[in-house]
Amino acid sequence: MSFDQNAFIIILTGSMIAISCGLLGAFLMLRKMAMTGDAISHAVLPGIVIAFLISGSRHGLTMVIGAGLVGLIATACIEYLTQKVKLQSDASIGITFTSLFAIGIILITFLANQIDLDQDCVLYGEIAYVPIDLWITKAGTIMGPRTTYLAVINLVLAIAFVSLFYKELKLSTFDPEFAATIGLSTAGVNYGLMGMVSYTTVSSFEAVGAILVVALLVVPPATAFLWTKNLKKLLTVTAILGVLISFLGYYLAYLLNSSIAGAMASVAGVFFFVSVTLNRHQIPRIKSKMRRLREEMA
Amino acid sequence: MIQHIENPVVEVHDLMVSYGQNPVLWNVDLSLPAGSLVGILGPNGAGKSTLIKAIMGLVEANSGYSKLFDQELNQVRNKVSYVPQRESVDWDFPASALDIVMMGTYHHLGLLKRPGKKEKELAMDCLDKVNMKNFAGRQISELSGGQQQRVFIARALAQQAELYFMDEPFAGVDMSTEKALIELFREMTAEGKTVIVVHHDIYSAGKYFDWLIMLNMHLVASGPTAEVLTEELLTKTYGGKLSTLADLGEIIKKSGFNPLKD
Ligand SMILES: Nc1ncnc2c1ncn2[C@@H]1O[C@H](COP(=O)(O)OP(=O)(O)O)[C@@H](O)[C@H]1O
Ligand SMILES: [Mg+2]
């Protein structure tokens, strides 16, 4: 068991990614759109590949914009299929994301010789390389791990988005019709959220991969939902779970000598199933005990 | 029997709405007087919710238009409140009764601003008006159907509107609460506000409302309660020989053969 600078950087980066994903994922879950998050995280793949072809680099703005755009296209496509074609929403999601994902895979396979974009890396990520992937300025100064910077920016933007539009997200999630009648653009909120999910997926795919990002979008909020029925607490518990998942995931991977992202997803799964098991009897009992304590103190 | 009036607070003109290929509302043309308590009657599937949704801009009309306060909806959103059917939302949403009622204050706040002390006090007042003050901190999933309904009404009150559309606000509400709510709506109309309520029970409708709208895909009646609450119009609304719009068997099935049963 070791705790060195590398471990710190990896856990820190993982935590920040997990918190960003969890905050946005909580709203996806409450909107019964957890699978849309899944869809988007897969659908951005062709965006990543095309942006890579254009810019020739895995880093940078082109990538974020390219994938972000495809994410929004996927959202629009899903909306179109459900609203206009009147397809069931799960069918719309399934069609959209498998098509875009397939295009992405085909692009990667076809262009495999030309581009240095490893399918495994895109799908599973490799957070272990974060400490050695350094951001070096033109002048030659070493600024530190690049992905960590990306994760910081992502986290700041995710927190800003959720706190600035908290009221709008809350209202349009709970009662979109009522929201529309007071003149709130529910489509605007929806695209904003999907845009943030797309961006977050792209920003973190190198670290945790396009698939495992889904685990971080879905599992921590779902777990937190078993523990609290208060939106602010739900977001807080989700964030705390994000940190725990990253921390325990790192050491689990260390022990088992396995992929860190995979271990993080496994830890997330364990948290969820423990909560489900506890939820049957214990959570209501624990909560009522806590409530009684609070009432006694008041 | 469709009575039109001067200077209506709500005016619906030749409204036609369909979902896909299925027409739901035909040629609805009505006007409602300000300061009245209006009931909308009609069997299940008659298009009562659709009428309100079309007026509130939630479903698109194929043709026709509606005006509120003689203006477009967008100009008067601050003066209009909508209470959806209770089943239209998921009550497992993580929020307390107070949280939901606070949502009624959002449109006065505008984008980015957060509700503060003033909004909270208003929300508590509104919860008090529907006799739910003691449940302010309760999780909405732990409320009974009738209590959830009252939370929705409190949210509407917090909007401090002039015109209220309520879709089945009495569903799941016990009799004494229903009476108290009617009392509350009466106070509101006495202040000049207009309250429009989708209602199920034609027996109490006669006592509750000043004005009745009877709907069954097309508009059967719209007028003062005393004038339109007749057996002939009720039969026309709930059963009997309806026009050729829809499959007759379907209508009979829906109305359960009993013209007075919903
Ligand atoms: N979103 C929808 N899509 C398709 N059909 C709908 C939709 N909403 C309502 N309908 C149909 O329109 C008709 C009128 O519905 P509604 O306005 O809800 O009636 P009511 O409120 O009077 O019971 C019904 O036949 C219903 O099945
Ligand atoms: Mg209805």
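Here is what the cut-offs are and how they apply
Residues numbered from 1 in each chain as written. Chains lettered and ligands numbered in written order. Predicted model: local features only at pLDDT ≥ 70, side-chain atom pairs only at ≥ 80, totals over all residues. Heavy atoms only, no water. Helix = DSSP H or I, 4+ residues; strand = E, 2+ residues; numbered from the N terminus. Rg over C-alpha atoms; globule rule 2.2 N^0.38 Å. Buried < 20%, exposed > 50% of the residue type's maximum accessible area, 1.4 Å probe, protein only. Areas by Shrake-Rupley, 256 points an atom, 1.4 Å probe, with all protein chains shown as cover. Lys, Arg positive; Asp, Glu negative; His and termini not counted. Charge placed at Lys NZ, Arg CZ, Asp CG, Glu CD. Donors = N, O, S within 2.8 Å, 3.2 Å for Na, K, Ca; no water. Axes fitted to C-alpha atoms, helices over the stretch in contact; angles between N-to-C directions. Parallel < 35°, antiparallel > 145°, perpendicular 65-115°, else oblique. Contact = heavy atoms within 4.5 Å. Nonpolar A, V, L, I, M, F, W, Y, C, P; charged D, E, K, R; others polar. Near = heavy atom within 4 Å. Polar contact = N/O pair within 3.5 Å; in protein donor to acceptor, adjacent residues only side chain to side chain. Patch = residues over 30% accessible without salt bridge, like charges linked within 9 Å, V, L, I, M, F, W, Y side chains within 5 Å. Salt bridge = Lys/Arg side-chain N within 4 Å of Asp/Glu carboxyl O. Domains from an automatic or database assignment. Buried area = accessible area lost by both parts, 1.4 Å probe. Phe/Tyr/Trp six-rings, centres within 6.5 Å; stacked < 30°, edge-to-face > 60°.

Colleague: Explain the overall build of chain A residue by residue, including any values.
Modeller: Broken down by element type, chain A carries 11 helices and 2 strands. Rg of the C-alpha trace for chain A: 20 Å, near the compact-globule value of 19 Å for 298 residues, within the 12% margin. For the C-alpha atoms alone, the extent of chain A along its principal axes is close to 65 × 55 × 35 Å. Here chain A holds 298 residues, and the buried ones make up 51% of them. Entry remark: accessible area of chain A is about 13800 Å², with carbon and sulfur atoms responsible for 68%. In chain A, which carries 19 positive and 15 negative side-chain charges, the distance between the mean positions of the two groups comes to 13 Å.

Colleague: I'd like to hear about the environment of A:S41, residue by residue, with values.
Modeller: Looking at the element boundaries, A:S41 is found in helix α2 (residues 34–55). A:S41 sits 160 residues away from A:T201 along the chain, and the two C-alpha atoms are 5.7 Å apart.

Colleague: Describe in detail unusual backbone geometry, supporting the description with residues and values.
Modeller: A negative phi angle is the norm for most residues apart from glycine, just as the trans form is the norm for most peptide bonds. Residue and element names in this part refer to chain B. Phi angles above zero are rare outside glycine, and N7 is one such case at about 45°. Of note, N7 is situated in the segment before β1 (10–19). For N7, a relative accessible area of 71% translates into the label exposed. In this structure, N27 is a non-glycine residue whose phi angle is positive, near 40°. Considering the arrangement of structural elements, one finds N27 in strand β2 (residues 22–32).

Colleague: Give me the lowdown on the coordination of the magnesium ion (ligand 2), citing residues and values where you can.
Modeller: Residue and element names in this part refer to chain B. At this site the magnesium ion (ligand 2) is bound by S49 (OG) and Q85 (OE1), with donor distances of 2.0 to 2.6 Å. Of this pair, S49 sits in helix α1 (residues 48–55) while Q85 sits in the loop between β5 (80–83) and α2 (97–102), and the two are 36 residues apart along the sequence. Residue Q85 is classed as partly exposed on the basis of its relative accessible area, which comes to 23%.

Colleague: Report on the packing of helix α6 (residues 146–164) of chain A against helix α7 (residues 166–174) of chain A, specifying residues and quantitative values.
Modeller: All names here are of chain A. For the pair α6 and α7, the least separation of the axes is 4 Å and the interaxial angle reads 65°. When the axes of α6 and α7 are compared, the pair comes out roughly perpendicular. Taking contact as the criterion, the partners of F161, V162, S163 and L164 in α6 are, on α7, Y166, E168 and L169.

Colleague: Explain the packing of helix α5 (residues 145–158) of chain B against helix α6 (residues 175–190) of chain B to me, and be specific about the residues and the numbers.
Modeller: Residue and element names in this part refer to chain B. One way to put it is that α5 packs onto α6 with a least axis distance of 13 Å and a crossing angle of 10°. Put simply, α5 runs roughly parallel to α6. Across the interface between the two elements, R150, I153 and L157 from α5 touch T177, L181, L184, F185 and M188 from α6. Within the contact of α5 with α6, the residues separate by chemical class into 6 nonpolar, 1 polar and 1 charged.

Colleague: Explain the site of ligand 1 to me, and be specific about the residues and the numbers.
Modeller: Residues and elements named next belong to chain B. The environment of ligand 1 is made up of Y19, V24, P43, N44, G45, A46, G47, K48, S49 and T50. Taking G47, its main chain carries an N or O atom lying 3.0 Å from an oxygen atom of ligand 1. Contact distances for ligand 1 include 2.4 Å between an oxygen atom and a side-chain N or O atom of T50. Contact with the protein chains removes 57% of the 560 Å² of surface that ligand 1 exposes when unbound. The greatest single-element share of the shell around ligand 1, amounting to 3 residues, is contributed by α1. When its residues are assigned to classes, the shell around ligand 1 shows 4 nonpolar, 5 polar and 1 charged.

Colleague: Could you give an account of a nonpolar patch on the surface, naming the residues involved and the relevant values?
Modeller: A cluster of nonpolar residues, A:F3, A:F8, A:L12, A:I240, A:L244, A:F247 and A:L248, forms a patch on the protein surface that exposes about 630 Å² of accessible area. Taken together, the elements giving at least two residues each to the nonpolar patch come down to α1 (5–30) and α10 (231–256) of chain A.

Colleague: Please provide a residue-by-residue account of the domain arrangement of chain B, values included.
Modeller: Many analyses report the size of an interface as the accessible area lost when the parts associate. Residue and element names in this part refer to chain B. Along its sequence, chain B is organised into domain 1 (1–69 + 162–262) and domain 2 (88–161). Taking only C-alpha atoms into account, the centre of domain 1 sits 26 Å from that of domain 2. Where domain 1 abuts domain 2, roughly 920 Å² becomes buried across the two surfaces, and 67% of that area is made up of carbon and sulfur atoms. Taken as a group, Y164, L181 and L184 account for 41% of the area that domain 1 buries against domain 2, more than any other trio of residues on that side. Between the two partners, domain 1 and domain 2, sit 0 salt bridges. Elements that contribute at least two residues to the side of domain 1 that touches domain 2 include exactly β6 (163–166) and α6. In terms of residues, the side of domain 1 that touches domain 2 owes the most to one element, α6, which gives 5 residues.

Colleague: Could you give an account of the packing of aromatic side chains, with specific residues and numbers?
Modeller: As enumerated under the stated definition, the model contains 13 aromatic pairs over all chains in all. Between A:F174 and B:F152, the ring centres sit 6.4 Å apart and the planes meet at 70°, which makes this aromatic pair edge-to-face. On the criterion of chain membership, the pair formed by A:F174 in helix α7 and B:F152 in helix α5 is interchain, its members lying in two chains. As far as burial versus exposure is concerned, A:F174 and B:F152 are alike and both buried. Three or more aromatic residues link up through ring pairs in this structure, and these residues are A:F174, B:W91, B:F93 and B:F152.

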